[in-house]
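# Per-entry structural report
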Amino acid sequence: MSRTALVERTTKESDVRVELDLDGTGQATSDTGVPFFDHMLTLFSKHGLFDLNIKTVGDLDVDFHHTIEDTGIVIGECLREALGTKEGIRRYGCCFLPMDETLVRVVVDLSNRPHLEFRAPAGTPSAPNMPFTLVEEFCRAVASNLRANIHVELLYGRDGHHIAEAIFKGLARALRHAVVRQVGQRHQHSMQLRLQGLQPVGAGRQFVGDAADLRHQIGHRGGVDALPFELADLLA
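Now for a look at the structure at hand. (Residues numbered from 1 in each chain as written. Predicted model: local features only at pLDDT ≥ 70, side-chain atom pairs only at ≥ 80, totals over all residues. Heavy atoms only, no water.)

A few words on the overall build of the protein chain. Each helix and strand counted, the protein chain has seven helices and eight strands in total. Counting across all 236 residues of the protein chain, residues that qualify as buried make up 48%. Considering only intrachain contacts with a sequence separation of at least 6, the fraction spanning at least 24 residues in the protein chain is 73%. Per element, the accessible surface of the protein chain, about 11600 Å² overall, is 50% carbon and sulfur. (Helix = DSSP H or I, 4+ residues; strand = E, 2+ residues; numbered from the N terminus. Buried < 20%, exposed > 50% of the residue type's maximum accessible area, 1.4 Å probe, protein only. Contact = heavy atoms within 4.5 Å. Areas by Shrake-Rupley, 256 points an atom, 1.4 Å probe, with all protein chains shown as cover.)

Structure (structure tokens):
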């Protein structure tokens, strides 16, 4: 079943159109009039494996605020629409994202209870051409309109470009983890069942037995890193 969405939103401050394919390959076109923001959205697409086509015309003569916030609103709406009933998804996602001297943690719960917890030290530097406060506004717009609980924390960092980029990448990867469908594209009711009788994973492969047996078998098949998120997590 295709998980796609197309949302358009027009206000006095902006005109936004976003097309999204949740199960894409990370291809993006972004034209918001804010080059650094376009760069961040392209990275968001790449690291989330979302295909995105974004066009925003905003009141840039005033400032970047409405353009960035309103684009975040529509991206959040697209994600919510593409997820539909959310049946069979992981729901939770987490990412620690390093970039040189910077480390960011992003945690997502697709709970239908919108909340953003955004923690960064006072005086966190901005990227040269995009205020750091607008990174938070983007995250808040996505959280509110996706109706997700999103926690973003800058653990440490000095460079404004690196900090913003780590947050966008971390958010994308945490969302990717949360929206992926479970093995067999259905709910798994308990970890116990999954460890004791794992079903086929991929063409021509099947692992049967308990966790110890599974560890032994995958030692000859590329290691845990070659497994889907669901199985790798169980063996962590």
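On to the side chain of Thr32. Within the secondary structure, Thr32 is located in the loop between strand S3 (28-31) and helix H1 (35-48). Overall, Thr32 belongs to the buried group, its relative accessible area being 1%. Among the polar contacts made by the side chain of Thr32, one reaches the main-chain amide nitrogen of Val34 at a distance of 3.2 Å. A distance of 2.9 Å separates a polar atom in the side chain of Thr32 from a polar atom in the side chain of Asp38. (Polar contact = N/O pair within 3.5 Å; in protein donor to acceptor, adjacent residues only side chain to side chain.)

With respect to the element layout, Gln182 can be found in the loop between helix H4 (160-179) and helix H5 (191-196). With 92 residues separating them along the chain, Gln182 and Arg90 place their C-alpha atoms 6.2 Å apart.

Another point: the packing of aromatic side chains. The tally for this structure, following the rule as stated, stands at six aromatic pairs. Consider the rings of Phe37 and Phe138, whose centres lie 5.7 Å apart with planes at 75°: the pair is edge-to-face. Taken together, the positions of Phe37 in helix H1 and Phe138 in helix H3 (residues 132-146) put the pair 101 residues apart, joining distant regions of the chain. Relative to Phe132, the ring of Phe118 has its centre 5.8 Å away and its plane inclined at 50°; by these criteria the two rings are tilted. Within this pair, whereas Phe118 is found in strand S7 (residues 115-119), its partner Phe132 is found in helix H3, the two being separated by 14 residues in sequence. Grouping residues by exposure puts Phe118 and Phe132 together as buried. Ring pairs connect the aromatic residues Phe37, Phe44, Phe50, Phe138 and Phe168, which therefore count as one cluster. (Phe/Tyr/Trp six-rings, centres within 6.5 Å; stacked < 30°, edge-to-face > 60°.)

The next point concerns the nonpolar core. Counting residues in each nonpolar core, the largest one holds 58 residues, and the members touching the most others are Leu110 and Ile150. The biggest single contributor to this core is H4, with 11 residues. Non-local contacts of Leu110, meaning those with residues more than four positions away in its chain, are made with Leu83, Lys86, Ile89, Arg91, Leu146, Ala148, Leu175, Ala178 and Val179. (Core = buried A, V, L, I, M, F, W, Y, C linked by side-chain atoms within 4.5 Å.)

For the rest of this paragraph, the subject is the sheet that holds strand S8 (residues 149-156). Here four strands make up an open sheet; going across it, the order is S5-S6-S8-S7 and the pairing mixed. Edge positions in the sheet fall to strand S5 (92-99) and S7, since each has one partner strand and no second. Between one strand axis and the next, the sheet turns through 10° on average, direction left out of account. Bridge count for strand S6 (residues 102-109) against S8 is seven bridges, and the pairing is antiparallel. Its bridge partner lying in S8, Val107 is registered against His151. Packing against the sheet, H3 makes contact with S7 and S8, and its axis sits at approximately 160° to S7. Against the sheet, H4 engages S5, S6, S7 and S8, with an angle of about 150° to S5. (Pairing = 2+ DSSP bridges. Axes fitted to C-alpha atoms, helices over the stretch in contact; angles between N-to-C directions.)

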